[in-house]
Amino acid sequence: MTAIFPLKHENDILKLLDQRLLPNEEVYVTAKTIEDCFVAIKDMVVRGAPLIGFTGIWGMALFIKHNPKATYEQFARAAEYLKSARPTAVNLAFEIDRCVVMAKAETHMNALYPKLVAHAKNEMNNLYEKNLAMAKFAEMDLAKKFGDRPLNVMTICNTGVLACGVLGTALGVIVHLNNQKKVKSVFASETRPYLQGSRLTSFELLKEGIDHHIVVEGAASYLMKNKMVDAIFAGADRIVENGDTANKIGTSSLSIIAKHYGIPFYIVAPISSFDLTLKTGDEIEIELRDQDEILKYKEHSIAHVDAKALNPSFDVTDHSCITGIICENGIIYPTTPENIRAVVEKK
Ligand code: MRU
């Protein structure tokens, strides 16, 4: 099994695996400046909430590398610029804001570059343990519901190594369960229009040797009605105080169908995905992406040239449809503000 490295820092050069070309080509793009990182995030060379957060740290490191005499104010302005690359996943703002806090505490801005590089590496190095912790919480909860039998599970979008840098969140749970021989089969939702499920999740499942089928989003009800799914795992781009969760478009309908058929629906995400400054999901900014992601496949039109499309990239899953939210500190249910704070703010 060849390992996947979506982000590499070698000989002081940042290389990003161009996820737009997967699964057919594995090509790395070099990011030399904060602008390169901005474009890579916006154009989805790198994607997935945790990974764009890490790319944000590298972007700020590159800014200070090239502007060692920058003032704190200039650094903070650069941070706002980089944060604007994609609005929904709070991980980008979370990680960049932490760089700004480091800059504020710094007396010599030119000392910041090695510190940010060390910080970025440290964050990525700690990630595997955190993701594994989430997977083990999920495993424990599933054992209570299903005992030891291997499960049929479903997921949406891509929440694996490509989205996180290592193991992954929702997909990390599935890979971990499979390593424990607790997965029978996986349904990977293709995730229209950007096809993170069929291009990326399936690619990762193939590399792991995990039996799976790609399904269209519209098949969810069919699968659940016919008892083909035991549990569903999705990631998150932003989880707010009442447990409402923004995730890839299609997640909300999946959760509503799951509730209808009584199938456990879990959100799996790191603490950097929580935004407890927002009270409900109505306050989350939803990224609208280019209509051509729907109207074209690569350069090829798949709708009439005069057709218009609306392309919201995320939706908000109501907390009432979520069985549990799993983060590295534990599992939260029911998803009330009190329970969320107790787990997220646990030291
Ligand atoms: O638009 P993307 O591909 O960056 O989508 C983000 C995601 O990968 C998901 O919504 C995901 O569930 C959260 S990231 C682990």
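Calculation notes
The numbers attached to residues start from 1 for each chain and follow its sequence in the written order. At least 70 in pLDDT is required for a residue's local features to be given in this predicted model, at least 80 for side-chain atom pairs to be given and counted, and no such filter applies to totals for whole chains, interfaces and linings, which use all residues. Side-chain metrics rest on all non-hydrogen atoms present in the structure, leaving aside hydrogens and water. Each helix is a run of DSSP H or I of at least 4 residues and each strand a run of E of at least 2, with the numbering of both proceeding from the N terminus. Computation of the radius of gyration draws on C-alpha atoms alone. For the globule rule, the value is 2.2 Å times the number of residues to the power 0.38. For the exposure calls, accessible area comes from a 1.4 Å probe over protein chains only, and a residue counts as buried if that area is under 20% of its type's maximum, exposed if over 50%, partly exposed in between. Residue contacts follow a heavy-atom distance rule, with two residues in contact if any of their heavy atoms lie within 4.5 Å. Each accessible area is a Shrake-Rupley result for a 1.4 Å probe, and residues are judged covered by the shown protein chains and nothing else. This count recognises Lys and Arg as positive and Asp and Glu as negative, with His and chain-terminal groups excluded. Taken as the charge location is NZ of Lys, CZ of Arg, CG of Asp or CD of Glu. Any residue with at least one heavy atom within 4 Å of a molecule or strand is counted as near it. Polar contacts here mean pairs of N or O atoms no more than 3.5 Å apart (in protein, one a potential hydrogen donor and the other a potential acceptor; neighbouring residues in sequence count only if both atoms are side-chain atoms). When residues are grouped by polarity, Ala, Val, Leu, Ile, Met, Phe, Trp, Tyr, Cys and Pro land in nonpolar, Asp, Glu, Lys and Arg in charged, and all others, Gly among them, in polar. For helices, the axis comes from a line fit to the C-alpha atoms of the stretch in contact; other axes are also lines fit to C-alpha atoms, and the angle between any two N-to-C directions lies between 0 and 180 degrees. In what follows, roughly perpendicular refers to angles from 65 to 115 degrees, roughly parallel to angles under 35, roughly antiparallel to angles over 145, and oblique to any angle outside these ranges. By definition, turning the near helix anticlockwise from the far helix through less than a right angle yields a left-handed crossing, and turning it clockwise yields a right-handed one. The aromatic pairing rule takes the rings of Phe, Tyr and Trp, using the six-membered ring of Trp, and pairs them if the centres are within 6.5 Å, calling planes under 30 degrees apart stacked, those over 60 edge-to-face and the rest tilted. For each domain, the first and last residues come from an automatic or database assignment. By convention, the term buried area covers the 1.4 Å-probe accessible surface removed from two parts as they join, with the contributions of both added. Take a side-chain nitrogen of Lys or Arg and a carboxyl oxygen of Asp or Glu: if they are within 4 Å of each other, that pair is a salt bridge. By this rule the span expected of a helix is its residue count minus one, scaled by 1.5 Å. When DSSP locates at least two bridges between a pair of strands, those strands are taken to pair. Here, nonpolar core refers to any group of buried Ala, Val, Leu, Ile, Met, Phe, Trp, Tyr and Cys residues whose side-chain atoms link them within 4.5 Å.

Visitor: Would you mind going over the overall build of the protein with me for this structure?
Guide: What the protein contains, in helices and strands, is 12 helices and 16 strands. For 347 residues, the compact-globule formula gives about 20 Å, and the C-alpha radius of gyration of the protein, at 20 Å, lands near that figure. Its C-alpha atoms give the protein principal-axis dimensions of about 65 × 55 × 40 Å. Burial status across the protein gives 56% buried among its 347 residues. Counting only contacts in the protein whose residues sit at least 6 apart along the sequence, the fraction spanning at least 24 positions is 75%. Accessible surface computed for the protein: about 15200 Å², of which carbon and sulfur atoms make up 55%. Where the 39 positive side-chain charges of the protein centre and where its 42 negative ones centre are 3 Å apart.

Visitor: So what exactly am I meant to see when it comes to the site of the ligand here?
Guide: Around the ligand sit 18 residues in total, of which Arg 47, Arg 86, Asp 237, Asn 247 and Lys 248 are the nearest. Contact distances for the ligand include 2.7 Å between an oxygen atom and a side-chain N or O atom of Lys 248. Elements with a contribution of two residues or more to the shell around the ligand: α2 (49–66) and β9 (245–248). Grouping the amino acids of the shell around the ligand by side-chain chemistry returns seven nonpolar, seven polar and four charged.

Visitor: I keep staring at the packing of α2 against helix α4 (residues 90–104) and nothing clicks. Help me out?
Guide: The relative placement of two packed helices is expressed as an angle between their axes plus a distance between the axes. Viewed as axis vectors pointing N to C, α2 and α4 meet at an angle of 30°, and their least axial separation amounts to 7 Å. In terms of axis orientation, α2 runs roughly parallel to α4. α2 and α4 meet at a crossing whose hand is right-handed. Of the residues in α4, those touching α2 at Ala 49, Pro 50, Ile 52, Gly 53, Phe 54, Gly 56, Ile 57 and Met 60 are Asn 91, Leu 92, Glu 95, Ile 96 and Cys 99. Grouping the amino acids of the contact of α2 with α4 by side-chain chemistry returns nine nonpolar, three polar and one charged.

Visitor: What should I look at first to understand the packing of aromatic side chains in this one?
Guide: Where two aromatic rings form a pair, the distance of their centres and the angle of their planes describe that pair. Applying the stated criterion across every chain, the model contains three aromatic pairs. Measuring from ring centre to ring centre gives 4.5 Å for Phe 38 and Tyr 81, while their planes differ by 10°; the resulting arrangement is stacked. You can see Phe 38 sitting in helix α1 (residues 34–42) and its partner Tyr 81 sitting in helix α3 (residues 72–83), a full 43 residues away along the chain. Ring centres of Phe 63 and Phe 75 lie 6.0 Å apart, and the angle between their planes is 65°; on these two criteria the pair is classed as edge-to-face. In this pair, Phe 63 is assigned in helix α2 and Phe 75 in helix α3, connecting sequence segments 12 residues apart.

Visitor: Sorry if this is basic, but what is going on with the domain arrangement of the protein here?
Guide: Reports of interface size often rely on the accessible area that becomes lost once the parts have come together. Assigned domains of the protein: these are domain 1 (7–124) and domain 2 (133–344). Between the C-alpha centres of domain 1 and domain 2 there is a distance of 25 Å. Each partner contributes to the interface: domain 1 provides 24 residues, whereas domain 2 provides 29 residues. Overall, the association of domain 1 and domain 2 removes approximately 2200 Å² of surface from exposure, summing both partners, and the carbon and sulfur fraction of that is 54%. Contact with domain 2 buries surface across domain 1, with Arg 47, Thr 88 and Val 90 losing the most and accounting together for 28% of the total. Across the pair Lys 207 and Glu 26 runs a salt bridge, and its minimum N-O distance is 3.9 Å. Where domain 1 meets domain 2, there are 14 residue pairs in polar contact (both at pLDDT 80 or more). Elements that contribute at least two residues to the side of domain 1 that touches domain 2 include exactly α2 and α4. Looking at the side of domain 1 that touches domain 2, its residues break down into 13 nonpolar, four polar and seven charged.

Visitor: Could you clarify how one ought to interpret α3 in this entry?
Guide: Since the α-helix advances by 3.6 residues per turn, residues separated by three or four positions end up pointing in the same direction. The end-to-end C-alpha distance of α3, which contains 12 residues, comes to 16 Å, matching closely the 16 Å that a straight helix rising 1.5 Å per residue would cover. Against α1, α2, α4 and α5 (112–146) lie the buried residues of α3.

Visitor: How should the pairing of strand β1 (residues 7–10) be read in this particular structure?
Guide: Regular strands show a simple pattern: their side chains alternate between the two faces of the sheet. Note that β1 and strand β2 (residues 13–17) share four bridges and pair antiparallel. Counterpart to His 9 in the pairing with β2 is Leu 14.

Visitor: Is there a simple way to think about the packing of α5 against helix α7 (residues 170–179) in this case?
Guide: The contact between α5 and α7 brings their axes to 8 Å, and the two run at 65°. As the angle between them shows, α5 and α7 are arranged roughly perpendicular. The handedness of the crossing between α5 and α7 is right-handed. Between α5 and α7, the contacting residues are Leu 132, Met 134, Ala 135, Lys 136, Ala 138, Glu 139 and Leu 142 on the first element and Gly 172, Val 173, His 176 and Leu 177 on the second.

Visitor: Just checking my understanding: could you explain the nonpolar core for this structure?
Guide: It is characteristic of soluble globular proteins that their nonpolar side chains tend to be buried jointly. Core analysis: the biggest nonpolar cluster contains 44 residues, and Met 60 and Phe 75 have the highest contact counts within it. Every element with two or more residues in this core is listed here: β2, α1, α2, α3, α4, α5 and α6 (161–164). Looking at which element gives the most residues to this core, the answer is α2, with 11 residues. Apart from residues lying up to four places away in sequence, Phe 75 is in contact with Met 60, Phe 63, Ile 64, Cys 99, Val 100, Ala 103, Met 109, Leu 112 and Leu 116. Leu 254, Ala 258, Val 343 and Val 344 belong to the second largest nonpolar core, which has 30 residues in total.

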